[in-house]
Amino acid sequence: MANPTAYRKELREKILKAAMAEFMQRGLKAVKMDDIAKKMVMSKRTLYEIFADKEELLYECVKYGSEEELNEIHRTASREGADVVDILIDFIHIRLKSMSSVNPKFYAEIMRYKKVADFLKTNHDSRRKEGNAFIKRGQREGYIRKDVDFELLGAIFDRTIQAVLDDELFNEYSLKRIFRNIIFVTIRGISTQKGIEKMDRLLEKNPL
């Protein structure tokens, strides 16, 4: 083999993508390592040589997905002329696209895995700091209001999402529909008139 390191890296990425798709579509409890091995047409032994167990595989999947989402947002942010409204609308589209085929059990079950739960908390705290800088940028650009308590709003938002999962509201409405309404109302609520007008123009061209 010309470059075993490159092959191993490519194989690992393919496993992560295939496993994440299975986890999100079927839920975590329903998916076994055997299922992933069969999906990849490889031996279970080979899979275990790359990932020690299901929790490590899930952890790497979540980490990989988080990095990919962040990279996609950064690509929008680095686009010439992009402002906070452009980035926010792109972020919503990315999230809604990822949620369109997600089994709600995925989110309900994921916090049972301690390593994954610890990563998500750390990642959430890091994203919150980036979010504060983003809000200040939006205020400077004139798109985000300056009279909102964003620390309190963030706490309310987190508890709203938790309540959705705890009460299993996803049994009545799709996750995509729930998220769209929560985030859409929240973003419009923190926007200035200038921000709302810009948002409406973007959504007229590319509705959520």
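Cut-offs and rules
Residues numbered from 1 in each chain as written. Predicted model: local features only at pLDDT ≥ 70, side-chain atom pairs only at ≥ 80, totals over all residues. Heavy atoms only, no water. Helix = DSSP H or I, 4+ residues; strand = E, 2+ residues; numbered from the N terminus. Buried < 20%, exposed > 50% of the residue type's maximum accessible area, 1.4 Å probe, protein only. Contact = heavy atoms within 4.5 Å. Areas by Shrake-Rupley, 256 points an atom, 1.4 Å probe, with all protein chains shown as cover. Core = buried A, V, L, I, M, F, W, Y, C linked by side-chain atoms within 4.5 Å. Salt bridge = Lys/Arg side-chain N within 4 Å of Asp/Glu carboxyl O. Axes fitted to C-alpha atoms, helices over the stretch in contact; angles between N-to-C directions. Parallel < 35°, antiparallel > 145°, perpendicular 65-115°, else oblique. Left-handed = near helix turned anticlockwise from the far one by under 90°. Nonpolar A, V, L, I, M, F, W, Y, C, P; charged D, E, K, R; others polar. Expected span 1.5 Å × (residues − 1). Phe/Tyr/Trp six-rings, centres within 6.5 Å; stacked < 30°, edge-to-face > 60°.

Draft legend 1. Representation of the overall build of the protein chain. Helix and strand content of the protein chain: ten helices and zero strands. Judged by the C-alpha coordinates and their principal axes, the protein chain covers about 60 × 45 × 30 Å. Per-residue burial over the protein chain gives 39% buried out of 208 residues. Within the protein chain, residue pairs in contact and separated by at least 24 positions form 71% of the contacts whose partners lie at least 6 positions apart. Accessible area for the protein chain stands at about 12,800 Å²; split by element, carbon and sulfur atoms hold 51% of it.

Draft legend 2. Here's a closer look at the nonpolar core. Counting 36 residues, the largest nonpolar core has I15, F23, I36, L47, L57, L58 and F106 as its most contacted members. Of all the secondary-structure elements, those providing two or more residues to this core are helix 1 (4-26), helix 2 (33-39), helix 3 (44-50), helix 4 (54-77), helix 6 (104-110), helix 7 (114-141), helix 8 (150-166) and helix 9 (175-190). Sort the elements by how many residues they give to this core and helix 1 lands first, with eight residues. Ignoring sequence-local partners within four residues, the contact set of F106 consists of M20, F23, M24, G27, L28 and L58. Ranked by size, the runner-up nonpolar core spans 18 residues in total, among them I73, M99, I183 and M199.

Draft legend 3. Quick look at the pattern of salt bridges. The final tally for this structure, using the stated rule, is 19 salt bridges. Among the salt bridges present, the one from E49 reaches R45, with a minimum N-O distance of 3.7 Å. With a gap of four residues between them, E49 and R45 both fall in helix 3, about one helical turn apart. The partner of D118 in a salt bridge is K114, and the shortest N-O contact between them spans 2.7 Å. With D118 and K114 both in helix 7 and four residues apart, the pair spans about one turn of that helix. Shared partners join several salt bridges into a network, and the residues in it are E22, R26, D35 and K39.

Draft legend 4. The packing of helix 7 against helix 8, seen in detail. Between helix 7 and helix 8, the least distance of the axes is 12 Å, while the angle of their chain directions is 135°. With respect to helix 8, the element helix 7 is oriented oblique. Here helix 7 runs over helix 8; the crossing is right-handed. Of the residues in helix 8, those in contact with H124, R128, I135 and Q139 of helix 7 are F150, G154 and D158. Of the residues belonging to the contact of helix 7 with helix 8, the class tally is two nonpolar, three polar and two charged.

Draft legend 5. Geometry of helix 7. End to end, helix 7 covers 40 Å across 28 residues, agreeing with the expected 40 Å (1.5 Å per residue, within 8%). In this fold, the buried residues of helix 7 make contact with helix 4, helix 5 (84-99), helix 6 and helix 8. Positive backbone phi, at 85°, marks G142, one or two positions downstream of helix 7.

Draft legend 6. Local environment of the environment of D147. By the secondary structure assignment, D147 is in the loop between helix 7 and helix 8. By relative accessible area, D147 is classed as exposed at 54%. Here the alpha-carbon distance between D147 and N71, two residues 76 residues apart in the chain, equals 31 Å.

Draft legend 7. Focus on the packing of helix 5 against helix 10 (residues 193-205). Direction vectors running N to C along helix 5 and helix 10 enclose 50°, while the axes themselves pass 10 Å from each other. Comparing their axes, helix 10 and helix 5 come out oblique. The element helix 5 and its partner helix 10 pack so that their crossing is right-handed. Contacts from V85, D86 and I89 of helix 5 reach helix 10 at G195, K198, M199, L202 and L203. Class assignment of the residues belonging to the contact of helix 5 with helix 10 gives a composition of five nonpolar, one polar and two charged.

Draft legend 8. Examining the packing of aromatic side chains more closely. Applying the stated criterion across every chain yields a total of two aromatic pairs. Geometrically, the ring pair formed by Y59 and F119 is edge-to-face, given 5.7 Å between the ring centres and 80° between the ring planes. Here F119 lies in helix 7 and Y59 lies in helix 4, a separation of 60 residues in the sequence. F119 carries the same exposure label as Y59, and that label is buried. Taking the centre distance of 5.2 Å and the plane angle of 80° together, the rings of F106 and Y107 count as edge-to-face. Take F106: its relative accessible area is 3%, and that puts it in the buried class. Given the relative accessible area of 24%, Y107 is considered partly exposed.

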